[in-house]
Amino acid sequence: MGFLTVVQQMGMIAVLVAIGFFVGKRGIVNSVSSKSISTLVVDICNPALMLTSVLGGQITADHAELITAGSVAIIFYAVLVLVGLILPILLRVEKDNRRFYNMMCIYTNVGFIGIPVTHAILPPDGMLCVLVCNVMYNLLFYVHGVAILSGGKQKMQPSQILSPGTISAVLSILIVWFHVSLPEVVTETIGYVGNATVFLSMLLLGVSIARSGILDGIKSIRLWMFILIRMVGLPALLAFVLKSLGLDPIITAGMCLMAAMPVGNMPLIQAEKMGEDTTVLSHAIAVTTAVSILTITLIMVVFV
């Protein structure tokens with residue numbers, strides 16, 4: 001990736017996050033309004049941005065490239081499930097917290113952060129990786145993730161899989177596959193909604209960091225080891241493997257970007273519903289999100 005392109009785009013994202021941090025500290029966006037905006041982003045803006053990326057006709061990938069991206073995503077998540085079992089043991093995480101580190105390895109923020117960041121720094125075809133990873137994420141979380149967090153006590157609920165994000169990702173894949181086109185008034189309307197995603201999601205990110213106990217998380221050496229291995233080492237290794245296989249550079253960049261995402265909030269939300277102590281997860285989300293601006297830049301500039 002071009003150094004200046006990545007640095008400029010990630011710098012822009014850092015400024016937007018800083019704005020969110022400022023308004024969070026000033027109380028301009030409080031917990032109530034933050035929750036409302038989060039729902040707006042997750043259920044409306046993010047799905048619209050995914051659809052916008054394919055309805056504009058800018059994605060030129062053929063069926064073979066779409067199948068390749070899907071295949072890489074399936075293998076990638078299979079590897080993450082294995083890493084989720086091994087890494088907590090290597091880091092000597094306490095047994096009670098291993099399931100949380102397991103979740104942190106697998107369920108990163110490929111939607112809330114992954115979609116706008118990919119839109120900002122990669123060519124349109126890079127969105128293919130976002131689409132397939134979001135489908136894999138949602139299918140896997142409500143089968144594997146819920147089971148791990150509950151110790152096998154809670155069963156899958158099919159209705160939860162059919163979130164707006166999953167539906168829009170599947171629709172986007174079908175649009176690319178069948179070369180579907182919609183009336184201009186429809187595509188432009190969806191585009192206006194999707195364009196709000198980058199600012200709103202980064203604003204909320206800054207608000208979240210402002211409200212979190214990030215200073216406590218920063219003191220955790222184990223968490224920094226996790227960041228080094230999971231957010232730097234694994235994406236760098238993935239870049240080496242995919243380049244060695246001669247995969248399309250955009251698919252390689254897209255998958256490495258997805259691999260470099262910070263810890264997502266779905267495990268935290270699910271754990272809170274179960275009445276669990278979410279201190280480990282909240283610290284991890286805050287620290288990895290703040291650090292991701294630097295680690296993503298490193299991965300995309302040096303290794304991709």
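Criteria and cut-off values
- Each chain has its residues counted from 1, following the order in which its sequence is written.
- Thresholds applied to this predicted model are a pLDDT of at least 70 for local features of residues and 80 or more for the giving and counting of side-chain atom pairs; totals over whole chains, interfaces and linings are not thresholded and use all residues.
- As a rule here, side-chain values come from all non-hydrogen atoms in the structure, and water together with hydrogens is ignored.
- Secondary structure elements are defined from DSSP: runs of H or I of at least 4 residues count as helices, runs of E of at least 2 residues count as strands, and each element is numbered from the N terminus.
- As a reference, a globule follows 2.2 Å times the number of residues to the power 0.38, and the radius of gyration itself is taken over C-alpha atoms.
- Contacts were defined at the residue level, with two residues in contact if any of their heavy atoms lie within 4.5 Å.
- Nonpolar core, defined: a set of buried Ala, Val, Leu, Ile, Met, Phe, Trp, Tyr and Cys residues in which side-chain atoms within 4.5 Å join the residues together.
- Buried, partly exposed and exposed residues are distinguished by accessible area as a fraction of the type maximum, computed with a 1.4 Å probe on protein chains only: under 20%, between the cut-offs, and over 50%, respectively.
- Salt-bridge detection follows one rule: a side-chain nitrogen of Lys or Arg within 4 Å of a carboxyl oxygen of Asp or Glu.
- Aromatic rings from Phe, Tyr and Trp, with only the six-membered ring used for Trp, were paired whenever their centres fell within 6.5 Å, and each pair was classed as stacked if the ring planes differed by under 30 degrees, edge-to-face if by over 60, and tilted otherwise.
- A 3.5 Å cut-off defines polar contacts: any pair of N or O atoms within that distance qualifies, except that in protein one atom must be a possible hydrogen donor and the other a possible acceptor, and neighbouring residues in sequence count only when both atoms are side-chain atoms.
- Axes here mean lines fitted to C-alpha atoms, for a helix over just the part in contact, with angles spanning 0 to 180 degrees between N-to-C directions.
- Oblique is the label for any angle not covered by the other classes, which are roughly parallel (under 35 degrees), roughly antiparallel (over 145) and roughly perpendicular (65 to 115).
- Here a crossing is taken to be left-handed if its near helix is turned anticlockwise relative to the far helix by less than a right angle, and right-handed if that turn runs clockwise.
- All amino acids are sorted into three groups, where Ala, Val, Leu, Ile, Met, Phe, Trp, Tyr, Cys and Pro are nonpolar, Asp, Glu, Lys and Arg are charged, and the leftover types, Gly among them, are polar.
- To estimate the expected span of a helix, count its residues, drop one, and scale the result by 1.5 Å.

This brings us to the overall build of the protein chain. Per the secondary structure count, the protein chain includes 15 helices and zero strands. Compactness check: the protein chain gives a C-alpha radius of gyration of 18 Å against a globular reference of 19 Å for 304 residues, within 12% of the reference. Judged by the C-alpha coordinates and their principal axes, the protein chain covers about 50 × 45 × 45 Å. Residue pairs at least 24 apart in sequence account for 85% of intrachain contacts in the protein chain once pairs closer than 6 positions are excluded.

Among soluble globular proteins, nonpolar side chains are generally buried collectively. In this structure, Tyr-77, Phe-226, Met-255, Leu-257 and Met-300 are the most contacted members of the largest nonpolar core, which totals 106 residues. The element that contributes the greatest number of residues to this core is helix H6 (residues 127–150), accounting for 15 residues. Setting aside its immediate chain neighbours within four residues, Tyr-77 contacts Ile-106, Val-110, Cys-133, Met-136, Tyr-137 and Leu-140.

One can find Met-103 in helix H4 (residues 98–106). In this structure Met-103 comes out as buried when scored by relative accessible area, which is 0%. Note: C-alpha distance between Met-103 and Val-146 (43 residues apart in sequence) is 9.6 Å. With residues up to four places along the chain from it excluded, the contact list for Met-103 reads His-144, Gly-145, Ile-148, Leu-149 and Pro-267.

The final tally for this structure, using the stated rule, is one salt bridge. As a salt-bridge pair, Arg-222 and Glu-94 come within 3.7 Å of each other at their nearest N and O atoms. With Arg-222 in helix H12 (residues 221–244) and Glu-94 in the loop between helix H3 (63–90) and H4, this pair connects stretches of sequence that are 128 residues apart. Using a relative accessible area of 26% as the deciding quantity, one classes Arg-222 as partly exposed.

All right, on to the packing of aromatic side chains then. Scanning all chains against the criterion turns up five aromatic pairs. Residues Tyr-107 and Tyr-137 carry aromatic rings whose centres are separated by 5.4 Å and whose planes lie at 85° to one another, so their mutual orientation is edge-to-face. Taken together, the residues Tyr-107 in the loop between H4 and helix H5 (114–121) and Tyr-137 in helix H6 connect sequence positions 30 residues apart. What makes Tyr-107 buried here is its relative accessible area of 0%. Relative to Phe-141, the ring of Tyr-107 lies with its centre 5.0 Å away and its plane at 85°, an arrangement referred to as edge-to-face. Taken together, the residues span a long stretch of sequence, with Tyr-107 in the loop between H4 and H5 and Phe-141 in helix H6 at a distance of 34 residues. Each member of the pair, Tyr-107 as well as Phe-141, is classed as buried. Among the aromatic residues, those joined into a cluster by ring pairs are Tyr-107, Tyr-137 and Phe-141.

Time to look at unusual backbone geometry. Despite not being glycine, Arg-92 has its phi angle at roughly 55°, a positive value. Its identity as a non-glycine residue notwithstanding, His-179 has a phi of 55°, on the positive side. With respect to the secondary-structure elements, His-179 resides in the loop between helix H8 (164–178) and helix H9 (184–194).

Our focus in this paragraph is the side chain of Thr-166. Checked against the element boundaries, Thr-166 lands in helix H8. One polar contact links Thr-166 to Asn-138, side chain to side chain, over a distance of 3.2 Å. When near neighbours in sequence (up to four residues on either side) are disregarded, Thr-166 contacts Asn-138 and Ile-161.

The N-to-C vectors of H4 and helix H15 (residues 279–303) enclose an angle of 30°; their axes lie 9 Å apart at closest approach. Overall, the two elements H4 and H15 adopt an arrangement that is roughly parallel. Crossing of H4 against H15: the hand is right-handed. Contact residues: Phe-100, Tyr-101 and Met-104 in H4; Val-280, Leu-281 and Ala-284 in H15. Class assignment of the residues belonging to the contact of H4 with H15 gives a composition of six nonpolar, no polar and no charged.

Right, let's talk about H8 for a bit. Taking 1.5 Å per residue, 15 residues should reach 21 Å; H8 reaches 21 Å between its end C-alpha atoms and fits that length. Considered for burial, the residues of H8 that qualify are Gly-165, Thr-166, Ser-168, Ala-169, Ser-172, Ile-173, Ile-175 and Val-176. His-179 lies just past H8 and shows a positive phi near 55°.

Shape descriptors only; they carry no functional weight alone.
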